[in-house]
Amino acid sequence: MGKFITLEGIEGVGKTSNLRYIKELLEKSGHDCVLTREPGGTNLGEALRGLLLSHADENMSADSELLMMFAARAEHLAKVILPALANRQTVLCDRFTEATYAYQGGGRLLDVDKISELEDWVQGELRPDLTIILDAPVEIGRARAGNRSAPDRIEKEHDDFFQRVRSAYIELAEHYPHRICLVDASVGLAEVQKGIYEKLIDYGIVDPDVIAGN
Ligand code: T5A
């Protein structure tokens, strides 16, 4: 099986800015890499993403939101993630189930046991080999994201929602240190990338000698 790596964090912390950097490091280290995202990654998943993030239904219930995230994930696992891992490829995914714990569990205050049941049902025993959470204060993420397009349905939530999301991410890293880590994303991009590089080495995902060409 290939490696399964996910990147997480609140809005605007810099996931998109760092994904290509991580992919390059993985490839330099010999990984055949598949880059994908959640919600999305398949035709059905992207259609669900459109429904989840658009403003068409401002009153979507938290349970509907949760189930749609997992419906998109079931499709993504069946069509993209599991075949790639079985093919010994490394899957690099922009968000995964840790986002559900953070946003639907922390943000929406849904019962974490419900999320855990769905996780077991949809994923079986599969968990990411490494989840990097880019961590920065909500104000920093907001300020960075605010420089771009109009906010989507989730981005329109208030700061206390995103404070809970951030706290849930930090708790996940504390509970599962063997597979989830935090990188300080409040600093400049070069420093964030240094932090990511060090974690990829610490967790045995990339080999610095191979990257250096030794
Ligand atoms: N969701 C998802 C759930 O609720 N449950 C789930 O289970 C899942 C899977 C998906 C939404 O769905 C929710 C979470 C999300 O609300 P998304 O597109 O994955 O949406 O997530 P967003 O957080 O919206 O992605 P963003 O594009 O907003 O944020 P990024 O990718 O973290 O930030 P990025 O890289 O675009 O950077 C933002 C700006 O900051 C600058 C960049 O140049 C850019 O202008 N920047 C920096 N500036 C200074 N210093 C740095 N270190 C910087 N890093 C980036």
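To be clear, the structure that these remarks concern was listed above.
Let me sum up the structure you'll find in this document. For clarity, every value in this text was computed on a predicted model and none was experimentally measured.

Another point: the overall build of the protein chain. Across its full length, the protein chain carries 9 helices and 5 strands. A compact globule built from 214 residues would reach a C-alpha radius of gyration of about 17 Å, and the protein chain, at 17 Å, matches this within 12%. On the principal axes, the C-alpha backbone points of the protein chain span a range of 55 × 35 × 30 Å. Within the protein chain, contacts between residues separated by at least 24 positions form 78% of all contacts whose residues are at least 6 apart in sequence. Put simply, the protein chain shows about 10,300 Å² of open surface, and 51% of that area lies on carbon and sulfur atoms. One finds the centroid of the 24 positive side-chain charges in the protein chain at a distance of 4 Å from the centroid of its 36 negative side-chain charges.

With 14 residues, helix α8 (residues 189-202) extends 20 Å from end C-alpha to end C-alpha; this agrees with the ideal 20 Å at 1.5 Å per step. Those residues of α8 lying buried are Val192, Gln193, Gly195, Ile196 and Leu200. Along the axis of α8, the buried positions cluster into a sector of 155°, meaning they face one direction only. Away from the buried face of α8 by more than 90 degrees, exposed residues Ala190, Glu191, Lys194 and Asp202 are located. Elements that come into contact with the buried residues of α8 comprise α1 (15-28), β4 (130-135) and β5 (180-184). Backbone geometry just after α8 places Gly204 at a positive phi near 70°.

A word on the sheet that holds strand β3 (residues 90-94). Think of a sheet as strands paired side by side through backbone hydrogen bonds, with each pair either parallel or antiparallel. Here we have 5 strands laid out as an open sheet, ordered β2-β3-β1-β4-β5, and parallel in their pairing. The open sheet has two edge strands with one neighbour each: β2 (33-37) and β5. Ignoring which end each strand starts from, the neighbouring axes of this sheet average 20° apart. The sheet contact formed by strand β1 (residues 4-8) and β3 spans 4 bridges and is parallel. What sits directly across from Thr6, in β3, is Cys93. Together, β1, β4 and β5 form the strand contacts of helix α7 (residues 159-175), whose direction differs from that of β5 by roughly 125°.

Another aspect to go through is the nonpolar core. Considering soluble globular proteins, one finds that nonpolar side chains tend to be buried as a cluster. Judged by nonpolar contacts, the single largest core of 50 residues is most densely connected at Leu26, Tyr103, Ile132, Leu134, Tyr169, Ile196 and Leu200. If you tally residues by element for this core, the top one is α7, at 7 residues. Counting 11 residues, the second largest nonpolar core, distinct from the first, contains Val34, Ala84, Val91 and Leu126.

What follows deals with the state of the cysteines. Tallied over the entire structure, the rule returns 0 disulfides. In this structure Cys93 is not part of a disulfide, and its nearest cysteine sulfur, from Cys33, lies 11 Å away. The exposure class of Cys93 is buried, given its relative accessible area of 0%. As a non-bridged cysteine, Cys181 has Cys93 as the owner of its nearest cysteine sulfur, 16 Å distant. What makes Cys181 buried here is its relative accessible area of 4%.

The rules behind each value
- Residues numbered from 1 in each chain as written.
- Predicted model: local features only at pLDDT ≥ 70, side-chain atom pairs only at ≥ 80, totals over all residues.
- Heavy atoms only, no water.
- Helix = DSSP H or I, 4+ residues; strand = E, 2+ residues; numbered from the N terminus.
- Rg over C-alpha atoms; globule rule 2.2 N^0.38 Å.
- Contact = heavy atoms within 4.5 Å.
- Areas by Shrake-Rupley, 256 points an atom, 1.4 Å probe, with all protein chains shown as cover.
- Lys, Arg positive; Asp, Glu negative; His and termini not counted.
- Charge placed at Lys NZ, Arg CZ, Asp CG, Glu CD.
- Expected span 1.5 Å × (residues − 1).
- Buried < 20%, exposed > 50% of the residue type's maximum accessible area, 1.4 Å probe, protein only.
- Arc of directions from axis to C-beta.
- Pairing = 2+ DSSP bridges.
- Axes fitted to C-alpha atoms, helices over the stretch in contact; angles between N-to-C directions.
- Core = buried A, V, L, I, M, F, W, Y, C linked by side-chain atoms within 4.5 Å.
- Disulfide = S-S within 2.5 Å.

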